[in-house]
Amino acid sequence: DRAEARIQSLSEIADQSGLMYLPKLQCVAQLATLSGDVDAARDAVDAAIRTAEERGETHTLRLVLAVSGTFELSLGNPPAAVPLLARSREISVALGVGDPCMLLSFVAEVEALVEVGDLVTASDVLDRFAAAGAGERRPWLEQTVARLRGILAAAGGDLAGGIACLEAATAAEHDMPLPLHRARTWLALGKACRRAKQRGRARDALDEARTRFAELD
């Protein structure tokens, strides 16, 4: 409710002054995606992308593409997510965005690429994301990279290696500040264990994932 009220205030300022129009569209798009209103989210994103392109606002375009791609992935539509996230990544590279905190869309892109079977590109994107934090100890980054390496290894047929990476990631989940990523780590571990026919471990991990996802509501 507070977010909606603040966006309404921003909308009024934008409408009255002619300024802040793109930030308004960006916020509306983000709120719509978070609310789960698929049609409203896609309409808001399309408007924000179109306006950002017309005005040459590449930074806003990068962010909205990332929001849109992550949203499509959350809907179980990785083929739609991949080009959006790839375009966001290309803009990030062109702009020289280097802080991994600003590159979380790379995480979604790796997952989407794995879902569509493009493991080579997924590995390249993961390496770029990991390199962004090279030279600094960032526990959340290490945990995220471990999760993605586990997902990638399991998808490539190395179930033992994938499970090992994912178990390391769950053991270090206290380093991950984003509850959604914690839940997705347990989900990935459960799926990998199920594929490896480790039924008991799979059941435990999937139960943990359900608990974590339920806590997000």
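Student: Kindly report on the packing of helix α8 (residues 139-155) against helix α10 (residues 179-195), identifying the contributing residues and their values.
Tutor: Packing of α8 against α10 brings their axes to within 10 Å, and their N-to-C directions diverge by 25°. As the angle between them shows, α8 and α10 are arranged roughly parallel. By crossing handedness, the relation of α8 to α10 is classed as left-handed. Residue-level contacts link Q143, R147, I151, A154 and A155 of α8 to H181, R184, T185, A188, A192 and R195 of α10. Its residues placed into classes, the contact of α8 with α10 shows five nonpolar, three polar and three charged.

Student: I'd like to hear about the packing of helix α3 (residues 38-55) against helix α4 (residues 58-74), residue by residue, with values.
Tutor: Pairs of packed helices are described in terms of their axes, by the angle between the two and the distance that separates them. Running from amino to carboxyl end, α3 crosses α4 at an angle of 155°, the nearest separation of the two axes being 9 Å. Considered as vectors, α3 and α4 are oriented roughly antiparallel to each other. Once α3 is placed against α4, the crossing between them reads as left-handed. Across the interface between the two elements, V38, A41, R42, V45, A48, I49, A52 and E53 from α3 touch L61, V64, L65, S68, F71 and E72 from α4. In the contact of α3 with α4, the residues fall into ten nonpolar, one polar and three charged.

Scoring rules and cut-offs
- Residues numbered from 1 in each chain as written.
- Predicted model: local features only at pLDDT ≥ 70, side-chain atom pairs only at ≥ 80, totals over all residues.
- Heavy atoms only, no water.
- Axes fitted to C-alpha atoms, helices over the stretch in contact; angles between N-to-C directions.
- Helix = DSSP H or I, 4+ residues; strand = E, 2+ residues; numbered from the N terminus.
- Parallel < 35°, antiparallel > 145°, perpendicular 65-115°, else oblique.
- Left-handed = near helix turned anticlockwise from the far one by under 90°.
- Contact = heavy atoms within 4.5 Å.
- Nonpolar A, V, L, I, M, F, W, Y, C, P; charged D, E, K, R; others polar.

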